Amino acid sequence: MDYQIMLTELLKGLLVSVEIFVLTLVFSLPLGLIIALGRMSGNCIIRNIFRVYISIMRGTPLMLQLLVCFFGPYYIFNVHLSSEYRFIAVILAFSLNYAAYFAEIYRGGIESIAVGQYEAARVLGYSQGQTFFKIIMPQVVKRIIPAITNEVITLVKDTSLAFSLSVLEMFTIAKQISSAHTTMIPFVVAGVFYYIFNFVVAFGMGRLEKRLNYYR
Amino acid sequence: MPEKVLTINKLSKSFGALPVLKEISLEVEKGEVVGIIGPSGSGKSTLLRCATMLETMDSGTLTYGDLTVCLEGCYADKPVLRAARNRFGLVFQNFNLFPHYSVLKNITDAPLCVQKRDRDEVMQLAHSLLAKMGLSGRENAYPCQLSGGQQQRVSIVRALMMKPEILFFDEPTSALDPELTGEILKVIRQLAEEDMTMVIVTHEINFAHDVADRIIFMADGLIVEEGLAHDLVNAPSNDRTRAFLSNIMK
Ligand SMILES: Nc1ncnc2c1ncn2[C@@H]1O[C@H](COP(=O)(O)OP(=O)(O)O)[C@@H](O)[C@H]1O
Ligand SMILES: [Mg+2]
């Protein structure tokens, strides 16, 4: 087995894993906020729709959701999708799933802000939008960073689930090389890469947490 | 005829089945300082919260000068409410400063982003008010770095920055250590000397006696007695007022 080739292949896979990771965050972080707001809506129909959504996304395996996102369009609507859809299905499933987790984190954060903050803003004439984005959200972000960090670290490891749709991310490639050459080494290397990936992520989140430490 | 800044007529408010305010009427003239005293649970905070539109009243009329916020239980349209919000300020018991904003941002953000006033004018006013309140040099501090007394002074400045015609205080010293109440009372006295129109809910009877023109004694959602500060404190005519005063001055 050529180690050089193995490393190159695994690094290519890592790049795909990073892509899944970044795109999932880009979509699920804002989507999670929208779901959190729906979950806290004054309208009980809307509130319950989002409650059920969150319950399903958290109550069923992500791998199953991946398969549904990939095969669903074919079995349900009988549409044939190109092979690029594989990757889209992964991003779709990951974003929908992580948004549900983020939504509950946002909700906890928003509900933890003292009502006095809203009242002070209201007396000062801030609009609802200004109150939410200028006064409430910055405080929420600070409070939820530790919980978000947990989810983000889980996401790094969860990207390996994309192997169930044979997307060529790092874990899929490690498995291919391993069975082709009957060796454990690609898994060990992949494990090291995942660890470094998470180390960097945790470091970045730690820095962010520190930066928001200028107030209590 | 003296100008009426605030007129409340027969304001009633219930929380569910619990009536908290029963046909309260109150008028405040320009430059007047009104003290509100009364036992805990008598509805003092609820009265201020109705007057500052944090709570909706069930019936009665609420007017700020020429702006009728609520006419016999019917609230006016949004633009009127917004205009009325510009007329008053509220100082909370527990300050409610924005913890993620510096002192300067806390006091200038609403004048700049809500009232859209000129930046130079706002900054100038901010620095002069901070100086007046003994807070010069703390512009860049965050609320958590200040003592309770300093935080309350910042929140008074924050309210004054909006140039309100009337300022409400809900027990402004109750969340403070006893040794810090003095600095807040001094600041409010100073405002009274400058003819700021104020309505102050307080347990500091001596302070109310000194600073208020008129004192209102509330109990069970009613105004039990009202009168000139000196008269009400020294010669209350109602038994409940007498009992309350002798209790609190013990
Ligand atoms: N949001 C609320 N929901 C239900 N009851 C309330 C609420 N706010 C105040 N109350 C009740 O209204 C009464 C008056 O309260 P409050 O105005 O805070 O009195 P005070 O400020 O004079 O101590 C109390 O019995 C209190 O329990
Ligand atoms: Mg109260």
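You'll find the structure just up there.
Below, the structure is looked at part by part. Quick caveat, the model's predicted, so the values are computed rather than measured.

The rules behind these values
- Residues numbered from 1 in each chain as written.
- Chains lettered and ligands numbered in written order.
- Predicted model: local features only at pLDDT ≥ 70, side-chain atom pairs only at ≥ 80, totals over all residues.
- Heavy atoms only, no water.
- Pairing = 2+ DSSP bridges.
- Helix = DSSP H or I, 4+ residues; strand = E, 2+ residues; numbered from the N terminus.
- Contact = heavy atoms within 4.5 Å.
- Axes fitted to C-alpha atoms, helices over the stretch in contact; angles between N-to-C directions.
- 1 Å grid on protein atoms, 1.4 Å probe; cavity = no way out; pocket = protein on both sides within 12 Å on 5 of 7 lines; lining within 4 Å.
- Points joined across faces, edges and corners; volume = space filled by probe spheres on them.
- Salt bridge = Lys/Arg side-chain N within 4 Å of Asp/Glu carboxyl O.
- Buried < 20%, exposed > 50% of the residue type's maximum accessible area, 1.4 Å probe, protein only.

### A closer look at the sheet that holds strand 4 (residues 59-64) of chain B
Residue and element names in this part refer to chain B.
- As summarised here, the arrangement of the five strands in space is 2-1-4-5-6, forming an open sheet in which the pairing is antiparallel. Two strands in the sheet have a free side with no partner beyond their single neighbour: strand 2 (18-29) and strand 6 (74-75).
- Pairing analysis gives three bridges linking strand 4 to strand 5 (residues 67-71), with the strands arranged antiparallel. What sits directly across from Tyr64, in strand 5, is Leu67.
- In this fold helix 1 (residues 44-51) packs onto strand 1 (4-15), strand 2 and strand 4, with an angle of close to 120° to the strand it touches most, strand 1.

### Notes on the layout of surface pockets
- Estimated volume of the largest pocket: approximately 620 Å³.
- Counting residues per element, the lining of the largest pocket draws most heavily on helix 2 (residues 78-85) of chain B, which supplies four residues.
- Roughly 250 Å³ of volume is contained in the second largest pocket.
- Lining the second largest pocket are 15 residues, and of these A:Leu29, A:Ile145, A:Ile148, A:Met205 and A:Leu208 sit closest to its centre.
- Those elements that place two or more of their residues in the lining of the second largest pocket are helix 1 (3-39), helix 6 (128-158) and helix 8 (185-211) of chain A.
- With six residues, helix 6 of chain A is the largest single contributor of residues to the lining of the second largest pocket.

### Observations concerning the pattern of salt bridges
Residues and elements named next belong to chain B.
- As enumerated under the stated definition, the model contains 21 salt bridges over all chains in all.
- Its salt-bridge partner being Glu32, residue Arg214 comes within 2.8 Å of it at the nearest N-O pair. Taken together, the positions of Arg214 in strand 10 (residues 214-219) and Glu32 in the loop between strand 2 and strand 3 (33-37) put the pair 182 residues apart, joining distant regions of the chain. For the pair formed by Arg214 and Glu32, the shared burial category is buried.
- One salt bridge in this structure joins Asp210 and Arg189, with 3.1 Å as the shortest N-O distance. Taken together, the residues span a long stretch of sequence, with Asp210 in helix 7 (residues 205-211) and Arg189 in helix 6 (residues 178-193) at a distance of 21 residues.
- Residue classification places Arg189 among the partly exposed residues on the basis of a relative accessible area of 31%.

Geometric values such as these leave the question of function open.
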